[in-house]
Amino acid sequence: MAQEEGRYVFDLLAWTAATLFEEYPKLAALYSDTYPTVIVDEFQDTNEDQWRAIKALSHASTIICLADPDQRIFDYVPGVDELRIQHAMDFLNPRSFDLSKDNHRSPGNGLLAYANAVLNNDPTVPVPNDVTIGTYTWPSSVETRIHQYLIALRDYLQKKLDTEPTIAVLAPTNALVGRLSEAVSTDAEINGTVYPAVEHELHLDQDLASTAAYAVASIMEWPGLRHEDALLATLEAVCDYFRVKATKTSGAKSTVRTLERALTALKSNTTIRAKTATVLLKAQAEGIQLSGNPVQDWQLARARLTGSAELSELFAKARLVRLLKATDAIGRALIDTWDGNAYIDAAAVVRRVLANRMIDENRFEEAAHVSFMNMHKSKGKEFDGVIIAETKFGRDQLIDPSSSDSDIRARRRLLRVAITRARHHVVIVRHATQPPLTS
């Protein structure tokens, strides 16, 4: 596709540009002639290929790097280096400007000071009036408290600003974001008070949910394919899911290697050792009876994603597809692929529907007054008010005191980013037994 059509996967763009600039200095010079000044925002999160491209352009262009080491929240991405700012200092020998005291988003209040206190675990900085710490205990739930605080914050900011405020509800994981979104989507009676549903836009990192959906769709193709082709297509889809995951966390790379060995064994008709592959082999041999009802058949196909840790993870991610507001479009599209026995090219159809959904979301994502998203996705955005939610379990904690020092530091950086998204007020909702954020 790259050679014949000039189309590239986005993640290869920086590598391709850097390689061309390095191998053909005249090409880099032409770009520098067109772009004599290059501004690199969020420089602290650049990966190795992006840095290579910057270095190549720096020979003739003026490079301006905007960087905040305390907002480095993508260090889990391969190629992102915590020493990148030092690399720039050594290679570019730049003039330096300290803008850390400038606060144009929320001037005149204590949000930035408190965010820095959380970052540095400084208990001497008091919680300002613009920050509310809310707690809950069982049998109350974080979903209940978020519903209450969301309506209260909206009413408070509307009176203060005399306009409809923008509010973001943030959480550490997509799973918790999804739960909170569902909770506020319907009316709720809490202690005798009815809290109405809140219209909002849900912003999920779609790549893993979408890739899991492709695996489900591939199972809906089984009855129309040869046994070997059907299993290969689904196992390849499962492997693709973990390839995508490997771009976010190094722990998935071993799973990719295991699944790729299973693919090789399947193609060469040798012994398959991966549990995920053997489970799918058995499920495919047992067959699947589809009815032509895309909703029922989707659930039936998704239920085949069980029997191994990898398949169970895909099952959980595929369930998030309903939160992408694309289920109706997927259902309508799948109806057209039904041939009375199987869904022909179902995976390609689902891919197209979800791709269109992602384009639409990116086009209109700023329109909603209330937005739900994970804390990483909030980077670079700003809102009148921000609500940050956590539970007391696992990755849904804001800070896990039992984790490593590096993990705690990374979570504090992420929390600082989340707090500083707000212009006027922040609400942090935590379980009552959680330790304070500064101590």
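Student: Help me understand the sheet that holds strand 9 (residues 383-389) in this model?
Tutor: Two strands in a sheet stick together by hydrogen bonds in their backbones, pointing the same way (parallel) or opposite ways (antiparallel). Ordered by their spatial adjacency, six strands build an open sheet running 3-10-9-4-8-7, and the pairing between neighbours is parallel. The two strands at the open ends of the sheet, each matched to only one other strand, are strand 3 (131-136) and strand 7 (201-203). Direction aside, neighbouring strands of the sheet carry axes that sit 20 degrees apart on average. Contacts from helix 7 (residues 142-161) reach strand 3, strand 4 (167-171), strand 8 (370-374), strand 9 and strand 10 (422-431), with the element oriented near 160 degrees to strand 10. Its contacts with the sheet put helix 8 (residues 174-183) on strand 4, strand 7, strand 8 and strand 9, and the angle it makes with strand 8 is roughly 155 degrees.

Student: Would you take a moment to explain the side chain of Gln434 for this structure?
Tutor: Among the secondary structure elements, Gln434 is positioned in the segment after strand 10. Note on Gln434: relative accessible area 12%, which makes it buried. At 3.3 Å, the side chain of Gln434 forms a polar contact with the side chain of Gln397. Leaving out residues up to four positions away in the same chain, Gln434 has contacts with Glu390, Thr391, Lys392, Gln397 and Ile399.

Student: Looking at this model, I keep getting lost on the packing of aromatic side chains. Mind explaining?
Tutor: Aromatic ring pairs are described here by two measures, namely the spacing of the ring centres and the angle between the planes. In total, this model carries seven aromatic pairs according to the counting rule given. Note on Phe43 and Trp51: the rings are 5.7 Å apart at their centroids and 75 degrees apart in plane angle, and the pair reads as edge-to-face. Neither residue differs from the other here; Phe43 and Trp51 are each classed as buried. On the numbers, 6.0 Å between centres and 80 degrees between planes, the contact of Trp51 with Phe91 is edge-to-face. Placement of Trp51 in helix 4 (residues 48-57) and of Phe91 in helix 5 (residues 84-92) is noted, with a sequence separation of 40 residues between them. Under the relative-accessibility criterion, Trp51 is labelled buried at 3%. For the cation-ring pair, Arg351 lies above Tyr214, with the distance from its terminal atom to the ring centre recorded as 4.1 Å.

Student: Before we go on, may I ask you to explain the nonpolar core in this structure?
Tutor: Considering soluble globular proteins, one finds that nonpolar side chains tend to be buried as a cluster. With 82 residues, the main nonpolar core has Leu150, Leu180, Trp298, Ile330, Val350, Phe372 and Ile387 as its most contacted residues. Setting aside residues up to four positions removed in sequence, Leu150 forms contacts with Ile167, Val169, Val184, Val198, Val370, Phe372 and Ile387. Within the second largest apolar cluster, 25 residues are counted, among which are Ile73, Ile408, Ile419 and Ile428.

Student: Would you mind going over the environment of Asp240 with me for this structure?
Tutor: Looking at where Asp240 falls in the secondary structure, it is placed in helix 10 (residues 227-246). Spatially, the C-alpha atoms of Asp240 and Asp407 are 27 Å apart, while their sequence positions differ by 167 residues.

Student: Just to check I follow, could you spell out the confidence of the model for the protein for this structure?
Tutor: Note: predicted coordinates in regions of low pLDDT should not be interpreted at a detailed level. With 97% of its residues at a pLDDT of 70 or more, the protein shows a mean pLDDT of 91. Averaged over each element, pLDDT in the protein is lowest for helix 16 (residues 346-364) (79) and highest for strand 1 (residues 37-40) (98).

Student: What am I meant to see in the pattern of salt bridges here?
Tutor: If the charged atoms of two oppositely charged side chains come close together, the side chains can form a pair. With the rule as written, the count across this model stands at 20 salt bridges. A salt bridge links Arg416 to Asp68; the nearest nitrogen and oxygen atoms lie 3.3 Å apart. Highlighted residues: Arg416 in helix 17 (residues 405-419) and Asp68 in the loop between strand 2 (62-65) and helix 5, separated in sequence by 348 residues. Between Arg243 and Asp240 there is a salt bridge, with its nearest N and O atoms 2.6 Å apart. One end of the pair, Arg243, and the other, Asp240, are both in helix 10, three residues apart, so they sit about a helical turn from each other.

Student: I tried to follow the packing of helix 2 (residues 13-23) against helix 4 on my own but got confused; where do I start?
Tutor: Relative to each other, helix 2 and helix 4 sit at 35 degrees, their axes nearing to 8 Å. Of the two elements, helix 2 crosses helix 4, and the hand of that crossing is left-handed. Note on element contacts: helix 4 touches helix 2 through Asp49, Gln50, Arg52, Ala53, Ala56 and Leu57, opposite Ala14, Trp15, Ala18, Thr19, Phe21 and Glu22. Looking at the contact of helix 2 with helix 4, its residues break down into seven nonpolar, two polar and three charged.

Student: Mind showing me how you'd approach the packing of helix 10 against helix 12 (residues 275-286) here?
Tutor: When two helices pack together, their arrangement is captured by the angle between the axes and the distance separating the axes. Put simply, helix 10 and helix 12 touch, their axes get as near as 10 Å, and they point 140 degrees apart. In terms of axis orientation, helix 10 runs oblique to helix 12. Where helix 10 crosses over helix 12, the handedness of that crossing is right-handed. Between helix 10 and helix 12, the contacting residues are His227, Ala230, Leu231, Thr234, Leu235 and Val238 on the first element and Thr276, Ala277, Leu280, Leu281, Gln284 and Ala285 on the second. Split into classes, the residues belonging to the contact of helix 10 with helix 12 amount to eight nonpolar, four polar and no charged.

Student: Mind showing me how you'd approach helix 13 (residues 294-302) here?
Tutor: Residues Pro294, Asp297, Trp298, Ala301 and Arg302 constitute the buried set of helix 13. Down the axis of helix 13, the buried side of the element spans an arc of 135 degrees, and every buried residue falls inside it. For helix 13, the N-terminal cap is Asn293; the gap from its side-chain oxygen to the backbone nitrogen of Val295 is 3.0 Å.

Student: Sorry, what's going on with the pairing of strand 2 here?
Tutor: Two faces belong to every sheet, and in a regular strand the side chains alternate between them. Relative to strand 2, strand 1 runs parallel, the two sharing four bridges. Note that in strand 2 the partner of Ile39 across the bridge is Ile64. Handedness of the β-α-β unit built from strand 1, helix 4 and strand 2 comes out right-handed.

Student: What should I look at first to understand the side chain of Ser141 in this one?
Tutor: Examined against the element boundaries, Ser141 turns out to sit in the loop between strand 3 and helix 7. Polar contacts involving the side chain of Ser141 include one to the side chain of Thr144, which spans 3.0 Å.

Student: Honestly, a nonpolar patch on the surface in this entry has me stumped. Any pointers?
Tutor: Residues Tyr8, Val9 and Leu12 make up a contiguous nonpolar surface patch of about 300 Å² in total accessible area. The residue Leu12 is located in the loop between helix 1 (2-5) and helix 2 in this model.

Conventions used here
Residues numbered from 1 in each chain as written. Predicted model: local features only at pLDDT ≥ 70, side-chain atom pairs only at ≥ 80, totals over all residues. Heavy atoms only, no water. Pairing = 2+ DSSP bridges. Helix = DSSP H or I, 4+ residues; strand = E, 2+ residues; numbered from the N terminus. Axes fitted to C-alpha atoms, helices over the stretch in contact; angles between N-to-C directions. Contact = heavy atoms within 4.5 Å. Buried < 20%, exposed > 50% of the residue type's maximum accessible area, 1.4 Å probe, protein only. Polar contact = N/O pair within 3.5 Å; in protein donor to acceptor, adjacent residues only side chain to side chain. Phe/Tyr/Trp six-rings, centres within 6.5 Å; stacked < 30°, edge-to-face > 60°. Lys NZ or Arg CZ within 6 Å of the ring centre and 35° of its normal. Core = buried A, V, L, I, M, F, W, Y, C linked by side-chain atoms within 4.5 Å. pLDDT = per-residue confidence, 0-100. Salt bridge = Lys/Arg side-chain N within 4 Å of Asp/Glu carboxyl O. Left-handed = near helix turned anticlockwise from the far one by under 90°. Nonpolar A, V, L, I, M, F, W, Y, C, P; charged D, E, K, R; others polar. Parallel < 35°, antiparallel > 145°, perpendicular 65-115°, else oblique. Arc of directions from axis to C-beta. Right-handed = clockwise from strand over helix to strand, strands pointing away. Patch = residues over 30% accessible without salt bridge, like charges linked within 9 Å, V, L, I, M, F, W, Y side chains within 5 Å. Areas by Shrake-Rupley, 256 points an atom, 1.4 Å probe, with all protein chains shown as cover.

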